[in-house]
Amino acid sequence: MTGEHGTGGERIEPGATDARYTTHPPSASSPAIDESTQEPVLAVRRTSGRDREAHTAPTGVAPAESRVSRRILVLGATSGIAEACCRIWAERGDSLFLVARNADRLAAVAADLHTRGAAYVGTSVVNLDDTAAHPELLAHAINSLAGLDVAFLPLGILGDQAEAERHFSHAAEILQTNFTSVVSLLTWLANYCAQRHAGTLAVLSSVAGDRGRKSNYVYGASKAGVTAFLAGLRNRIDREGVRVLTIKPGPVRTSMTAAMKGSAKFADVGAVAGTIVKSIDGTGDVLYVPGKWRVIMAVVRAIPERMFKKMNL
Ligand SMILES: NC(=O)c1ccc[n+]([C@@H]2O[C@H](COP(=O)([O-])OP(=O)(O)OC[C@H]3O[C@@H](n4cnc5c(N)ncnc54)[C@H](OP(=O)(O)O)[C@@H]3O)[C@@H](O)[C@H]2O)c1
């Protein structure tokens, strides 16, 4: 498989000869960004056995899995929702580059996806709050994938609402991870995709961003910011051929919500991931998942403020 833009000459991605997943931070000896253009220097990735099988079916006979393997970058890859999506992508034979801050957990997720059949699994251990590291990280990831079809952004923290009310420093942490870091990543990725008139940016916002509630309005505000940013970004780059998908889950059973009251009744993460993957394959702009949340939030948004302010939500 060749890179779509071999601007910096051919390079073979690290580990391609004897391993299908690699952990390698960006390094000065392997420049990921072209100094003159600030563009990623795309690698040429060797075709895996699985890729070859998918592309060499006899003429006129549709192979069982005829879809082309896609290159998917996952930012916050140890997320429960992300892991469930990645399992589907791995079983389809897609190529994945995973970024997370917990090295042990990331290695376990990568090994599992490798076993499940991903064409390629690359990883980087990075705290995504470090926005200064984003350009080199993203160039390196795209270099390793030899291009980009989908960028999936599940990173996020719930935070502690009561703590955020007491101390602005905690509110700032929530806003940093959920909003500022996401905006930083999307700014670079949107420009990369817009220049190529291709790509899908799929971002996990939340129904919590549809209306501020006293129980989690700092988290909700961070997600409202993401939703508004994505709407504006879509308005800017949809015409460039770049798809921006806003994903708004209702409550889902993951580690983020495990401690919440009633979490046993929250949506199943496997079902939610199936809907998200299908939506990324599709053409929509905003996904509520499960779908009933589109109706629930329309009702919640319609409640007059004079009533809403007295409610315990
Ligand atoms: N679960 C729900 O009910 C629900 C509902 C609506 C929206 N969402 C959104 O969906 C997304 C995924 O949530 P989830 O349920 O899968 O929760 P999760 O399992 O807690 O996943 C969140 C992920 O973000 C990662 N992350 C947080 N800060 C990071 C940082 N600075 N650098 C790198 N990674 C970082 C976390 O890494 P660590 O493991 O290292 O902390 C974790 O893997 C989040 O954006 C969340 O807000 C979830």
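### Focus on the overall build of the chain
- When its secondary structure is counted, the chain shows 10 helices and eight strands.
- Across the 313 residues of the chain, 40% fall into the buried class.
- Of the contacts made within the chain by residues no fewer than 6 positions apart, 71% connect residues no fewer than 24 positions apart.

### Quick look at the nonpolar core
- Grouped together as the largest cluster of nonpolar side chains are 76 residues, with contacts concentrated most on Val74, Leu96 and Leu98.
- At nine residues, helix α6 (residues 168-196) tops the list of elements feeding residues into this core.
- Residue contacts for Leu98: discarding those within four places in its chain leaves Val74, Ala77, Leu106, Val109, Ala110, Val121 and Thr123.

### Things to note about the pairing of strand β8 (residues 286-289)
- Sheet analysis places strand β7 (residues 243-249) next to β8, joined by four bridges and oriented parallel. Its bridge partner being in β8, Ile247 is matched across the sheet by Leu287.
- Of the crossover connections in this fold, the one passing from β7 over helix α8 (residues 269-281) to the parallel β8 is left-handed.

### Points about the site of the ligand
- Close contacts around the ligand come from 25 residues, with Ser79, Leu128, Gly156, Thr254 and Met256 the closest.
- Looking at side-chain class alone, the shell around the ligand contains 11 nonpolar, 12 polar and two charged residues.

### Structural notes on the environment of Ala162
- Positionally, Ala162 belongs in helix α5 (residues 161-166).
- Once the C-alpha coordinates of Ala162 and Asn216 are considered, the two residues, 54 residues apart in sequence, prove to be 8.6 Å apart.

### What about the packing of α6 against helix α7 (residues 217-237)?
- Look at α6 against α7: their axes get within 9 Å of each other, and the N-to-C directions meet at 15°. Relative to α7, the element α6 is oriented roughly parallel. The interaxial crossing formed by α6 with α7 has right-handed handedness. Mapping the contact onto sequence places Ala171, Ile174, Leu175, Asn178, Phe179, Val182, Val183, Leu186, Ala190 and Ala194 in α6 and Val218, Tyr219, Ser222, Lys223, Gly225, Val226, Phe229, Leu233 and Ile237 in α7.

Definitions and limits used
Residues numbered from 1 in each chain as written. Predicted model: local features only at pLDDT ≥ 70, side-chain atom pairs only at ≥ 80, totals over all residues. Helix = DSSP H or I, 4+ residues; strand = E, 2+ residues; numbered from the N terminus. Buried ≥ 20, exposed ≤ 12 C-beta atoms within 10 Å, placed from the backbone. Contact = placed C-beta atoms within 7 Å. Core = buried A, V, L, I, M, F, W, Y, C linked by C-beta atoms within 7 Å. Pairing = 2+ DSSP bridges. Right-handed = clockwise from strand over helix to strand, strands pointing away. Near = placed C-beta within 6 Å. Nonpolar A, V, L, I, M, F, W, Y, C, P; charged D, E, K, R; others polar. Axes fitted to C-alpha atoms, helices over the stretch in contact; angles between N-to-C directions. Parallel < 35°, antiparallel > 145°, perpendicular 65-115°, else oblique. Left-handed = near helix turned anticlockwise from the far one by under 90°.

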